[in-house]
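# Summary of the model geometry
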Amino acid sequence: METVYDFTLPKGLVDNAGQVHRRGKMRLATARDEISATRDPRVLSNPSYLTIVVLAQVITQIEGVDFITPNLIEGLFTADLAFLQDMYQKINDVEPPKMRVVCPHCGETVEAPINFTMEG
């Protein structure tokens, strides 16, 4: 079973010297990763920070970077953050919850994802 996955950021992390770092590795998340992240003081004061803390734990490498920290993840371009969030969901098989619904037109029962964002 593969537990570490390579990635290439769409934009890349720009360091203080202006160099762009795009390649890295992400490992599968553990229950400990998510539990410990919920106890982080930054997450307790701002729940949306959970993503930042979890990604800092599961990203094991970004080329040319010594340490992966939440501050480093905060400095990513939004396109790169969205890319990493999507990758996290895919490699950890995080699927949106589904429910059985009945089509009002044909009466067919199907499973449909629950959309919590109220978009689309």
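Here we summarise the structure given alongside this text. (Residues numbered from 1 in each chain as written. Predicted model: local features only at pLDDT ≥ 70, side-chain atom pairs only at ≥ 80, totals over all residues. Heavy atoms only, no water.)

Throughout the structure, instances matching the rule amount to five salt bridges. The partner of Lys 25 in a salt bridge is Asp 6, with the nearest N and O atoms 2.6 Å apart. Linking Lys 25 in strand S2 (residues 20-27) with Asp 6 in strand S1 (residues 4-14), this pair joins segments that are 19 residues apart in sequence. Taking relative accessible area as the criterion, Asp 6 reaches 56% and is therefore assigned exposed. Notably, a salt bridge pairs Lys 90 with Asp 86, separated by 3.0 Å at the nearest N-O pair. Taken together, the residues span about one helical turn, with Lys 90 and Asp 86 both in helix H5 (residues 78-91) at a distance of four residues. (Salt bridge = Lys/Arg side-chain N within 4 Å of Asp/Glu carboxyl O. Helix = DSSP H or I, 4+ residues; strand = E, 2+ residues; numbered from the N terminus. Buried < 20%, exposed > 50% of the residue type's maximum accessible area, 1.4 Å probe, protein only.)

Glancing now at the layout of surface pockets. Taken as a whole, the largest pocket spans an internal volume of roughly 290 Å³. Lining the largest pocket we find ten residues, and of these Glu 34, Leu 50, Thr 51, Tyr 88 and Gln 89 sit closest to its centre. Sorting the residues of the lining of the largest pocket by element identifies helix H1 (31-38), helix H3 (50-58) and H5 as the ones contributing at least two each. Element by element, the count of residues in the lining of the largest pocket is highest for H3, at four residues. Looking at the lining of the largest pocket, its residues break down into five nonpolar, four polar and one charged. (1 Å grid on protein atoms, 1.4 Å probe; cavity = no way out; pocket = protein on both sides within 12 Å on 5 of 7 lines; lining within 4 Å. Points joined across faces, edges and corners; volume = space filled by probe spheres on them. Nonpolar A, V, L, I, M, F, W, Y, C, P; charged D, E, K, R; others polar.)

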